[in-house]
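# Examining the three-dimensional arrangement
The chain contents come next:
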Amino acid sequence: MKTPVRYVAIAIASLSLVMFTSLGNVSADTPEESSGFGKAASAMNPLNWKMPQLKMPNFKSLLPSKAEQTEINEKKDGLFDQVGKTASNSWSKTKTALSPKNLNPARFFTTSSKSAVKTTPVKEKEPGFWSKLLSPWPEEEPEQTTVTDFLRQPRVGS
């Protein structure tokens, strides 16, 4: 029986405390200005951090306007079509530039430049590097061979 009496006594005491206390006189203390260390500590506290406000970019400025869209008449070729055309043009130019008929050194020296001035060399010199490189190949006399000449050749391994 002691427990109900205790509960009743605690309830009456708390009720009387609430009734006799005036709530109008209660006020909070004014906050003190914090020192430099207090400001630094509050700035490092993650609870005081604020998330940055990020504004999403407007991609409509990159797109063509309605007036520009109406002016577009035909569709342009795609990237792969342009690359394919460029590659085929480059390959055809490479083939013509490296064609054997265009690389013949005899084409670089015209007949007028060969027979224009005849000078007698004082001394026979061995041709230099560039003259060897740029001079036409000496013409070889074709050999007239027959089947019997071919069969008369020495055999390999005998």
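Below, the structure is looked at part by part. Computed from a predicted model, the values in this text were never measured in an experiment.

Attention now goes to the overall build of the protein. Looking only at helices and strands, one finds seven helices and zero strands in the protein. For the protein, buried positions account for 1% of its 158 residues. Accessible surface for the protein amounts to roughly 17,100 Å². Of this, 62% is attributable to carbon and sulfur atoms.

Another aspect to go through is a nonpolar patch on the surface. On the surface, Phe129, Trp130, Leu133 and Leu134 cluster together into a nonpolar patch covering about 500 Å² of accessible area. Structurally, Leu133 can be placed in helix α6 (residues 129-134).

A word on the pattern of salt bridges. With the rule as written, the count across this model stands at two salt bridges. Between Lys132 and Glu126 there is a salt bridge, with the nearest N and O atoms lying 3.8 Å from each other. Here Glu126 falls in the exposed class, since its relative accessible area comes to 69%. With a closest N to O distance of 3.7 Å, Asp149 and Arg152 form a salt bridge. Given the relative accessible area of 33%, Asp149 is considered partly exposed.

Rules used in this analysis
Residues numbered from 1 in each chain as written. Predicted model: local features only at pLDDT ≥ 70, side-chain atom pairs only at ≥ 80, totals over all residues. Heavy atoms only, no water. Helix = DSSP H or I, 4+ residues; strand = E, 2+ residues; numbered from the N terminus. Buried < 20%, exposed > 50% of the residue type's maximum accessible area, 1.4 Å probe, protein only. Areas by Shrake-Rupley, 256 points an atom, 1.4 Å probe, with all protein chains shown as cover. Patch = residues over 30% accessible without salt bridge, like charges linked within 9 Å, V, L, I, M, F, W, Y side chains within 5 Å. Salt bridge = Lys/Arg side-chain N within 4 Å of Asp/Glu carboxyl O.

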